[in-house]
Amino acid sequence: MLVRNSLQCTPVALYKMSELLSNLPKFYIGLSLTVITLSFPYIASFYSSIRLSRALSRYPWANKTWDAAAKKHFLESADQIIRDGSELAKGNPFLMNENASPKLVLPPKYVNEIKNEKDLNFAKFIGKEFHSAYPGFDAFSSAINETIFQDAVRTQLAQVLTLTIEPLARETPTTLNKVYGSTPDWKETNLVSGLLKSVARLTSLVFLGENFMDNAEWQEISIMYTVDVFMAAEALNSWPAMSRPIVHWFLPQCRKIRSQVKTAKSLIRPEVERRRADIVAKGGKARRRVLDSVDWFTAAAKGETFDYTNAELSLAMASIHTTTTTLGFTISDLLENPEYIDMLREEIKESYEQDGKWEKSTLFKLKLMDSCIKESMRLHPMAAVNMPRAAVSDITLSDGTFIPRNTNISIGPLPMLDPELFPEPYAYNGRRFLDLRNAAGAENKYQLVTTTSEFTVFGHGTHACPGRFFASNEMKLLLAHMLLYYDWKFPEGQEKANHIIMGTRRGPNPKQKVMFKSREPEIDIEKMPLA
Ligand code: HEM
């Protein structure tokens with residue numbers, strides 16, 4: 001209360017101070033005013049955080065304390081904390097401390113109500129979490145630009161999605177050959193790094209063209225920038241907010257991402273210039289087919305100025321690790337449940353034989369594969385809470401639930417693990433979604449790319465992942481070739497994968513090894529003519 005009152009009279013206090021200051025030498029006046037001006041945003045933000053915590057005080061806390069022990073507990077047991085919070089709030093919203101900032105966790109019953117709420121902003125949430133104002137975190141500034149980045153994927157990529165199948169299918173065998181090669185004997189490899197290299201190479205081909213898929217510098221950045229930017233944000237978060245505008249210049253993690261952005265610019269800018277020169281040389285005519293992301297961004301920008309490098313880094317960040325993580329979980333689940341592998345091989349053979357080439361319809365026929373990947377996403381959602389948003393105004397939901405401006409919200413506990421919706425939710429059932437899909441009238445509801453209020457791994461509503469259709473094609477093509485041309489197993493003595501859980505985030509263990517060897521495929525796609 002005392003703090004609030006003293007803040008409320010800040011303008012008066014400033015006036016009195018200026019009277020006093022009039023008698024001091026100019027140097028001190030300048031210095032003092034600079035300090036006051038610089039600290040004003042922090043005073044304002046301090047005031048706004050007090051307003052926020054008062055407005056949120058109506059909600060119970062799942063974990064109010066945030067000291068070293070509480071942080072460790074949260075990192076190890078976020079799932080349990082979320083379940084406890086939900087129980088405490090009797091299925092109503094509750095507060096969860098994550099990185100020393102409160103998040104309002106809304107139960108899944110609110111998914112449909114918030115899914116298209118424009119004042120619950122996804123980009124603002126990301127921008128706040130990842131310090132988009134500081135150099136190095138540049139990729140988040142274009143993520144904030146909803147009209148270009150999102151539209152490039154949602155509209156431009158969607159229009160040419162079918163055209164991306166042929167180059168993906170053509171390069172998948174070469175990619176696997178480069179990463180795994182041919183081996184008659186069992187060989188050990190790292191699951192995540194093999195997948196990352198494969199996904200990054202194929203993704204770069206479609207997003208930036210052939211010059212980039214074998215460019216070692218771009219491959220390294222497109223994989224590592226995401227990892228390093230998370231580490232830089234983590235490092236910066238451990239400093240008080242007031243010190244960050246200075247500290248970020250010196251933190252080694254922030255220095256590293258600034259250097260990655262610089263290298264990325266040196267690669268992307270000449271490519272953009274080359275494209276522009278090409279258009280000029282062709283008398284101003286645009287390229288024949290809008291096939292890669294430089295063109296998608298140009299079309300989405302509609303003449304507005306923007307930074308191509310930031311946009312490309314955002315795209316790499318949105319796509320490569322998400323796809324790798326999903327494939328990593330899928331392969332781990334298949335190794336734990338190997339009875340599905342031969343069924344999948346049979347399905348690939350039958351589907352390919354029917355079409356004689358990889359087409360949209362061939363990928364659609366891989367219904368068991370679709371179900372197996374979706375089941376892995378259900379069982380191992382990448383985050384323990386979904387649909388993170390920042391409220392940009394005060395919002396009152398239809399039942400009176402109040403979300404004050406500046407609140408960060410998320411959905412949890414996740415519906416995908418609710419036994420009422422998915423019986424035996426912690427058991428892997430590769431046929432789960434195939435069986436659900438086979439029921440009358442349910443064909444569309446249970447496909448991998450379908451989002452519903454019960455399945456939010458790709459989000460749901462306005463911000464549902466627009467790249468999921470591309471990710472689904474890429475994952476199916478990679479998995480089909482990986483299963484046809486190689487045998488896979490865990491190293492001797494291991495039967496189950498040990499996935500990593502850190503707070504609300506989860507992923508396949510980056511140290512997980514797998515064994516592989518070449519095999520005779522049921523159908524030799526590589527020897528058959530391409531589309
Ligand atoms: C299996 C792979 C992927 C997963 C699991 C995934 C997951 C997600 C999730 C959870 C969101 C947030 C949705 C929400 O909060 O409502 C999202 C947003 C987004 N994703 Fe993906 N994603 C994947 C692949 C991709 C790919 C390949 C691309 C690009 C081609 C992409 C582009 C985007 C974009 C642009 C957004 C922001 C949408 C918006 O702000 O409206 N994603 N994704």
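The shown structure was predicted, so the numbers you read here are calculated from the model rather than taken from an experiment.

*Asks:* What's the story with the overall build of the protein chain in this structure? I'm lost.
*Replies:* Along the protein chain, the regular secondary structure elements total 21 helices and 12 strands. With 531 residues in all, the protein chain has 51% of them scored as buried. Within the protein chain, residue pairs in contact and separated by at least 24 positions form 74% of the contacts whose partners lie at least 6 positions apart. Looking at the protein chain as shown, the accessible area adds up to about 25400 Å², and 58% of this sits on carbon and sulfur atoms.

*Asks:* Would you mind going over the pairing of strand S5 (residues 386-391) with me for this structure?
*Replies:* In summary, the side chains of a regular strand alternate between the two faces of the sheet. The buried fraction of S5 is high, at six of six residues. Note: strand S3 (residues 120-121) against S5, two bridges, orientation antiparallel. Bridging across to S5, asparagine 121 finds its partner in alanine 390. By the bridge criterion, three bridges tie S5 to strand S8 (residues 408-411) in an arrangement that is antiparallel. Paired with arginine 389 across the strands is isoleucine 409, a residue of S8.

*Asks:* Even after reading the chapter, I still don't get empty space enclosed by the protein, so can you show me in this structure?
*Replies:* Over the atoms rolls a probe the size of a water molecule, and its path tells where empty space is left. The final tally for this structure, using the stated rule, is four cavities of 30 Å³ or more. Considering only enclosed or pocket space, the largest cavity measures out at about 50 Å³ in volume. Contributing to the lining of the largest cavity are Thr203, Ser204, Phe207, Leu208, Trp218, Ser222, Glu312, Ala316 and Ile320. Elements supplying a minimum of two residues to the lining of the largest cavity: helix H10 (191-208), helix H12 (216-237) and helix H16 (308-336). It is H10 that provides the largest number of residues to the lining of the largest cavity, a total of four residues.

*Asks:* Got a minute to help me understand the site of the ligand in this structure?
*Replies:* In the vicinity of the ligand, 31 residues are found, and the nearest of them are Gln150, Arg154, Arg389, His463 and Cys465. For the ligand, an oxygen atom lies 2.7 Å from a polar atom in the side chain of glutamine 150. Between the ligand and histidine 463, the relevant distance is 2.8 Å, taken from an oxygen atom to a side-chain nitrogen or oxygen of the residue. In terms of residues, the shell around the ligand owes the most to one element, H16, which gives six residues. When the residues that make up the shell around the ligand are grouped by side-chain class, the tally is 19 nonpolar, 10 polar and two charged.

*Asks:* Would you mind showing me how to read the coordination of the iron atom of the ligand here?
*Replies:* Octahedral metals with six donors have ideal donor angles of 90 or 180 degrees. Tetrahedral metals with four donors have an ideal donor angle of 109.5 degrees. Coordination of the iron atom of the ligand by the protein comes from a single atom, Cys465 (SG), at 2.3 Å. Considering the arrangement of structural elements, one finds cysteine 465 in the loop between helix H20 (432-438) and helix H21 (468-485).

*Asks:* What exactly am I supposed to notice about the sheet that holds strand S1 (residues 94-98) here?
*Replies:* Paired through their backbone hydrogen bonds, the strands of a sheet run either parallel or antiparallel. Spatially, five strands are ordered S1-S2-S8-S5-S3 in an open sheet, and the strand pairing comes out mixed. Pairing within the sheet leaves two strands with one partner each, and these edge strands are S1 and S3. Across the sheet, helix H6 (residues 122-129) lies against strand S2 (101-106), S3, S5 and S8, angled at about 85° from S5, the strand it touches most.

*Asks:* Where do I start with the sheet that holds strand S9 (residues 486-489) in this structure?
*Replies:* Here we have three strands laid out as an open sheet, ordered S4-S12-S9, and antiparallel in their pairing. If you trace the sheet from one side to the other, it starts and ends with strand S4 (187-190) and S9, each paired once. Each strand axis lies, on average, 35° off the axis of its neighbour in the sheet, ignoring direction. Looking at chain direction, S4 and strand S12 (residues 513-518) are connected through four bridges and run antiparallel. Bridged to lysine 187 within S12 is phenylalanine 516.

*Asks:* I keep staring at the packing of aromatic side chains and nothing clicks. Help me out?
*Replies:* Ring pairs (aromatic) are described by centroid distance and by the angle formed between their planes. Enumeration over the complete set of coordinates arrives at 20 aromatic pairs. Aromatic pair tryptophan 66 and phenylalanine 74: ring centres 5.7 Å apart, planes at 65°, arrangement edge-to-face. Residue classification places tryptophan 66 among the partly exposed residues on the basis of a relative accessible area of 24%. Taking the relative accessible area as the measure of exposure, phenylalanine 74 reaches 3% and is therefore buried. A network of ring pairs unites the aromatic residues Phe149, Phe297, Phe306 and Tyr308 as a single cluster. The ring of phenylalanine 433 carries lysine 374 above its face, with NZ or CZ at 5.4 Å from the centroid. In this structure, lysine 374 is placed above the aromatic ring of phenylalanine 455, and the distance from its NZ or CZ to the ring centre is 3.9 Å.

*Asks:* Is there a simple way to explain the confidence of the model for the protein chain in this structure?
*Replies:* Caution is warranted with low-pLDDT regions, since their predicted coordinates should not be read in detail. When pLDDT is averaged along the protein chain, the result is 89; 89% of the residues meet or exceed 70. Per-residue pLDDT stays below 50 along residues 1-21; that stretch engages in 13 contacts with residues further than four places along the chain or on separate chains.

*Asks:* I keep staring at a nonpolar patch on the surface and nothing clicks. Help me out?
*Replies:* Nonpolar side chains collect at one region of the surface, where Leu75, Ile500 and Met502 lie side by side and expose about 240 Å² of accessible area between them. Its place among the elements puts isoleucine 500 in strand S10 (residues 500-502).

*Asks:* Mind showing me how you'd approach the packing of helix H9 (residues 165-179) against H21 here?
*Replies:* Axis angle and axis distance: for two packed helices, these are the angle between their axes and the distance between the axes, and together they describe the pair. Here H9 crosses H21 at 40°, and the two axes come no closer than 10 Å. Of the two possible hands of crossing, H9 and H21 adopt the one that is right-handed. Here H9 contributes Ile165, Leu168, Ala169, Thr172, Pro173 and Leu176 to the contact with H21, which in turn contributes Phe470, Asn473, Glu474, Leu477, Leu478, His481 and Met482. Of the residues that constitute the contact of H9 with H21, the class distribution is nine nonpolar, three polar and one charged.

Parameters and conventions
Residues numbered from 1 in each chain as written. Predicted model: local features only at pLDDT ≥ 70, side-chain atom pairs only at ≥ 80, totals over all residues. Heavy atoms only, no water. Helix = DSSP H or I, 4+ residues; strand = E, 2+ residues; numbered from the N terminus. Buried < 20%, exposed > 50% of the residue type's maximum accessible area, 1.4 Å probe, protein only. Contact = heavy atoms within 4.5 Å. Areas by Shrake-Rupley, 256 points an atom, 1.4 Å probe, with all protein chains shown as cover. Pairing = 2+ DSSP bridges. 1 Å grid on protein atoms, 1.4 Å probe; cavity = no way out; pocket = protein on both sides within 12 Å on 5 of 7 lines; lining within 4 Å. Points joined across faces, edges and corners; volume = space filled by probe spheres on them. Near = heavy atom within 4 Å. Polar contact = N/O pair within 3.5 Å; in protein donor to acceptor, adjacent residues only side chain to side chain. Nonpolar A, V, L, I, M, F, W, Y, C, P; charged D, E, K, R; others polar. Donors = N, O, S within 2.8 Å, 3.2 Å for Na, K, Ca; no water. Axes fitted to C-alpha atoms, helices over the stretch in contact; angles between N-to-C directions. Phe/Tyr/Trp six-rings, centres within 6.5 Å; stacked < 30°, edge-to-face > 60°. Lys NZ or Arg CZ within 6 Å of the ring centre and 35° of its normal. pLDDT = per-residue confidence, 0-100. Patch = residues over 30% accessible without salt bridge, like charges linked within 9 Å, V, L, I, M, F, W, Y side chains within 5 Å. Salt bridge = Lys/Arg side-chain N within 4 Å of Asp/Glu carboxyl O. Left-handed = near helix turned anticlockwise from the far one by under 90°.

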